[in-house]
Amino acid sequence: MASMLGRPFHIQLLDAEGQRLAFTAAPEQSVLEAALAAGLAPRRSCRNGSCRACLCRLELGQIAYRIDWPGLSAEEKAAGWILPCVAEARSDLNLRYE
């Protein structure tokens, strides 16, 4: 897996209006930072995992969190919810806002 961290990951995001957006995330870049760098304007506020404004569902792929407890319950994590502001891609991702 360490060799995979050197390449950018492709991210597809289905927004709340049903529009499919695509961008890439560099290693060590949060999913939110990558979306903003691509000129997108996803929901956000605090950028530290506490406000939950960016909450979306991970439909495919793997992430790692920058912080130990990113403001999600165990049940929310199990249901696939993530916080893109503190999540880094570890594979290509498909995300969905609801």
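Here the structure is shown first, and the text comes after it.
These numbers come from a predicted model, not from an experiment.

## Digging into the overall build of the chain
From N to C terminus, the chain includes two helices and seven strands. Its helices and strands in sequence order give the chain the pattern β-β-α-β-β-α-β-β-β, from N to C terminus. A compact globule built from 98 residues would reach a C-alpha radius of gyration of about 13 Å, and the chain, at 12 Å, matches this within 12%. Here the chain holds 98 residues, and 38% of them are scored as buried. A sequence separation of at least 24 residues applies to 55% of the contacts in the chain between residues at least 6 apart. Surface exposure of the chain reaches about 5300 Å², of which carbon and sulfur atoms provide 51%. Charge-centre separation for the chain: the mean point of 11 positive side chains lies 2 Å from the mean point of 11 negative side chains.

## Structural notes on unusual backbone geometry
A positive phi angle, close to 65°, is found at Arg47, a residue other than glycine. Locating Arg47 in the fold gives a position in the loop between α1 (31–37) and β3 (56–60). One non-glycine residue with positive phi stands out, namely Arg52, at about 70°. Its location among the elements puts Arg52 in the loop between α1 and β3. Arg52 sits in the partly exposed class, given a relative accessible area of 31%.

## Quick word on the pattern of salt bridges
Applying the stated criterion to the full structure yields eight salt bridges. Salt-bridge contacts for Arg90 lead to Glu88; the nearest nitrogen and oxygen are separated by 3.0 Å. In this structure, Arg96 engages Glu98 in a salt bridge whose closest nitrogen and oxygen atoms are separated by 2.6 Å. Within the structure, one salt-bridge network assembled from shared partners comprises Glu33, Arg66, Glu88 and Arg90.

## Some details on the nonpolar core
With 24 residues, the main nonpolar core has Ile11, Phe23, Val31, Leu83 and Leu95 as its most contacted residues. For this core, the elements supplying multiple residues, two or more each, are β1 (9–14), β2 (20–25), α1, β5 (81–82), β6 (87–89) and β7 (93–96). Looking at this core element by element, the count peaks at four residues for α1. With sequence-adjacent residues up to four places away left out, Leu83 is seen in contact with Gly49, Arg52, Cys54, Leu55, Tyr65, Pro70, Gly71 and Leu72.

About the criteria used
- Residues numbered from 1 in each chain as written.
- Predicted model: local features only at pLDDT ≥ 70, side-chain atom pairs only at ≥ 80, totals over all residues.
- Heavy atoms only, no water.
- Helix = DSSP H or I, 4+ residues; strand = E, 2+ residues; numbered from the N terminus.
- Rg over C-alpha atoms; globule rule 2.2 N^0.38 Å.
- Buried < 20%, exposed > 50% of the residue type's maximum accessible area, 1.4 Å probe, protein only.
- Contact = heavy atoms within 4.5 Å.
- Areas by Shrake-Rupley, 256 points an atom, 1.4 Å probe, with all protein chains shown as cover.
- Lys, Arg positive; Asp, Glu negative; His and termini not counted.
- Charge placed at Lys NZ, Arg CZ, Asp CG, Glu CD.
- Salt bridge = Lys/Arg side-chain N within 4 Å of Asp/Glu carboxyl O.
- Core = buried A, V, L, I, M, F, W, Y, C linked by side-chain atoms within 4.5 Å.

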